[in-house]
Amino acid sequence: MAIVEMQKLSICADKKRRKALLETLQSLGVMQIENDSIDDPQLQKMDTESAISTFGKNADTLDQAISLLTSYAPSTKSGGLFQEKMLVSREQFENTVESQKNYMRFANQILQDQKEMDEARGTIEKDRNRILALQPWMKMDVPLNTPGTQTTEMLVGTVPGETDAAGLYAAASKGMEDPAPVDVTVLDCDAGLTYLAVLCLRRDAEQVGNNLRDIGFARPQQMESGLPSATAEALEQDIRAKEKRIEELKKDISGFAREAEEFRIASDYYRTRAEKYRLLGTIPQSENMFFLEGWVPKSQAGPVKNMLELKFDALVEMEKTEPDDFEPTLLKNNSFSESAEGVLESYGLPQHHRVDPTFVMSLFYVFFFGMMLSDAGYGIVMSIACAVLLLKKKRLEKGLRKMLKLFFWCGLSTTFWGFMYGGFFGDAIDVIAKTFFGYTGGTILKPLWFAPLDNPMQLLVWCLLFGLIHLFTGLGMKGYEMLKDHDPVGFLGDVVSWYLFVGGLVLLLVPSDIFASIAGQKITFPAWAHQLSVMITLIGVAMIILMSGRDHKNWAVRIALGAYDVYGVTGWLSDLLSYSRLLALGLATGVIANVVNMMASMVGGGPVGIIPFILVFLLGHTMNIAINALGAYVHTNRLQYVEFFGKFYDAGGRAFQPFRAINKYIQIKEEKES
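Every chain begins its residue count from 1, and numbering advances along the sequence as written. Owing to the predicted nature of the model, reporting of local features is limited to residues with pLDDT of at least 70; listing and counting of side-chain atom pairs is limited to 80 or more, with chain, interface and lining totals taken over all residues. Heavy atoms from the whole structure form the basis of all side-chain values; hydrogens and water molecules are not counted.

A. Spotlight on the overall build of the protein chain. Secondary structure elements follow DSSP: runs of H or I no shorter than four residues count as helices, runs of E no shorter than two count as strands, and numbering proceeds from the N terminus. Summing up its helical and strand segments, the protein chain has 23 helices and 11 strands in all. For the C-alpha atoms alone, the extent of the protein chain along its principal axes is close to 120 × 85 × 65 Å. Between buried and exposed lies partly exposed: a residue is buried under 20% and exposed over 50% of the maximum accessible area for its type, with that area taken using a 1.4 Å probe on protein chains only. Burial status across the protein chain gives 44% buried among its 674 residues. Considering only contacts in the protein chain between residues 6 or more positions apart, those separated by 24 or more positions represent 81%. Counting rule for charge: Lys and Arg are taken as positive, Asp and Glu as negative, and neither His nor the chain ends is counted. Think of each charge as sitting on NZ of Lys, CZ of Arg, CG of Asp or CD of Glu. Considering the protein chain, the positive charge centre built from 66 side chains and the negative charge centre built from 78 side chains are found 5 Å apart. The contact criterion used throughout is that any non-hydrogen atoms of two residues lie within 4.5 Å.

B. Geometry of the layout of surface pockets. Grid spacing is 1 Å over the protein atoms alone, the probe is 1.4 Å, and a cavity is where that probe fits but cannot get out, while a pocket is an open set with protein on both sides within 12 Å along at least five of seven lines and lining residues have an atom within 4 Å of a point. Grid points are joined across faces, edges and corners, and a volume is the space filled by probe spheres set on the points. In this structure, the largest pocket encloses a volume near 2000 Å³. If you go around the largest pocket, you meet 45 residues; those closest to its centre are Gly-29, Lys-85, Arg-660, Ala-661 and Asn-663. Put simply, the parts of the chain that give the lining of the largest pocket at least two residues each are helix H1 (18-28), helix H3 (90-98), helix H8 (260-280), strand S10 (331-332), helix H11 (341-347), helix H14 (398-421) and strand S11 (666-669). For the lining of the largest pocket, the leading source of residues is H8, giving 5 residues. Side-chain classes are defined by residue name, with Ala, Val, Leu, Ile, Met, Phe, Trp, Tyr, Cys and Pro counting as nonpolar, Asp, Glu, Lys and Arg as charged, and the others, Gly among them, as polar. For the lining of the largest pocket, the residue count by class is 16 nonpolar, 11 polar and 18 charged. Within this model, the second largest pocket holds a volume of roughly 730 Å³.

C. Layout of the packing of aromatic side chains. Planes of paired rings set the category: under 30 degrees apart is stacked, over 60 is edge-to-face and the rest tilted, where pairs are Phe, Tyr or Trp rings (Trp by its six-membered ring) whose centres lie within 6.5 Å. If you walk through the whole model with that rule in mind, you get 44 aromatic pairs. When the centroid spacing of 5.1 Å and the interplanar angle of 70° are considered together, the rings of Trp-449 and Trp-462 count as edge-to-face. Separated by 13 residues along the polypeptide, Trp-449 in the loop between helix H15 (428-437) and helix H16 (456-484) and Trp-462 in helix H16 bring together distant segments of the chain. Residue class for Trp-449 comes out partly exposed when judged on its relative accessible area of 28%. Geometrically, a charge over a ring is one whose NZ (Lys) or CZ (Arg) sits within 6 Å of the ring centre while staying within 35 degrees of the ring normal. Over the ring of Trp-572 we find Lys-647; its NZ or CZ atom is 4.8 Å from the centre of that ring. When the ring centre of Phe-326 is taken as reference, the NZ or CZ atom of Arg-654 above it lies at 5.2 Å.

D. How the structure looks around the environment of Leu-87. Tracing the backbone shows Leu-87 in strand S4 (residues 86-89). Residues Leu-87 and Gln-300 lie 213 residues apart in sequence; the distance between their C-alpha atoms is 26 Å.

E. Representation of the pattern of salt bridges in the model. Every case where a carboxyl oxygen of Asp or Glu lies within 4 Å of a side-chain nitrogen of Lys or Arg is listed as a salt bridge. With the rule as written, the count across this model stands at 29 salt bridges. Residues Glu-23 and Lys-19 are paired through a salt bridge, measuring 2.9 Å at the closest nitrogen-oxygen approach. Of this pair, Glu-23 and Lys-19 both sit in helix H1, separated by 4 residues, roughly a single helical turn. Glu-23 gets classed as partly exposed once you look at its relative accessible area, which sits at 32%. Asp-650 is the partner of Arg-354 in a salt bridge, and the nearest nitrogen-oxygen pair spans 3.5 Å. In this pair, Arg-354 sits in the loop between H11 and helix H12 (358-373) while Asp-650 sits in the loop between helix H23 (606-644) and S11, placing the two residues 296 residues apart along the sequence. Through salt bridges with shared partners, a single network forms among Asp-63, Asp-268, Arg-271 and Lys-664.

Written as structure tokens, this is what we have:
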């Protein structure tokens, strides 16, 4: 509805009071500090990179410790997406800050325990792989790396395929006189390999080795020094010891669960300190003084100035806004429209002295979302769920709270359109009445307006009408900006002309056969109305042709550009047809809901059919509301971003980001809070 007016402040204060002054500004959280314009070679800036890195690393360490605690100590788990910030007293916060080093030591111990666990798990995995590799060699009664004796040599390895001892003996003793002094033992056959041990005289070892290599003989990658069975048992013992150690470490980590709150407080403390030192590195200062510049909401500029002057004896000046100043944008809307600010911010914030479309956009947003989801049952579920979360979770993150409020209003709109269309979990009331109570008296929940499934073309006409209103509203906001900028010629050439051109074409379309085939009824205008429609259209076309290229002095160029701009009416047609998605998604929701009800009732009525009905009903409608609510959200955003904003809005603003405490987990309870 409005963009908060900003005031630029310049602050000069004694360097001895820098710490207290910055901490005060950070606690107030009302000033966006920007020192880029202060450029004096005699002023110096602190090197705070080391402090920023240290505080940031400490915050990350505590965050990791908190994450591990939520894994090993269920009592410390957060509420997930809807986690509230923890409310702590100022005294608790200060006590935690005093003991911060202890909590850092605890957090580092948790990370060390986790590191030891990871190493133990890695060793277990390695041991199991070694045991698996030893399985085929378990029949051996000597170590794999046994070299043999003074006169004999042992060759241990594998050959491809499954070959018996006789075939292996023949291959190993090839070229040797019978009986060859070679002994072949087949230990195992597995996964297309034959595991064997070959004993031969040392003088024949080279020839036997060559013979075996000819059939693909390969030695094991790892030659164990002990008996395979003994080695496997030792590895099993090591696994059991490591698993026991892992359980001990888990208990050690869980023992820190009572420190979870303090970890969160300390993490936010370090995060806030890092932000403070990040700012400190940008502050110009002399030997005795330091300087700040920044933006404050104009309504708070006076109190901030007085407080800084009285409390810190600072020199504070209210600077005049220069034309090249790029003021940050802070939106101010009523409770209803505020919920849609996140949608606008995702597209881009408005610049100062431009229109804030949040209020108008929020009305259309909620209206269109309800038309797309359009089931009273779904809307009631959505609104109740959002209302419960908003009432129970008072300290949700601001952006999430806005989103929940937006979906609450969208749920109410969905409920309204559901009753208008006669949809309550599809046709659930009629299906339940017929299946379980034998009711055959017709539709129970009749639509207050009409049923889209019975007359989709009528709904299409209304969707296009609502779309035209939406587009004309966007064009009107463009006209408002032009009048505010004292540009009446632009208002006539770029706004009024299109109202006349597009409006005239619509009036010409209404009594046509094309419209009658879509709407299902013929509308007839008197002759004078038709002539008026033609006149309005032609006036609009003439204005566009004559005024669109008004920046050019050459009339031929102006006319050519104007004629080309008339072709832009195809863009209007494309934009208008985009609103058919209001029909498409509304029908999809209703059709899928009805199919779910039909599937749920296929088992029949009576006690036997109740449980299958409930299961299919809950699963089907849960999936339907999830999928179609997501679709409604996406396509409602698109109607705002592409069709509506495309008529007037160019964004370009930057968000107001005041210097404040960066609290991820906590909210400090003020004295007045209980």
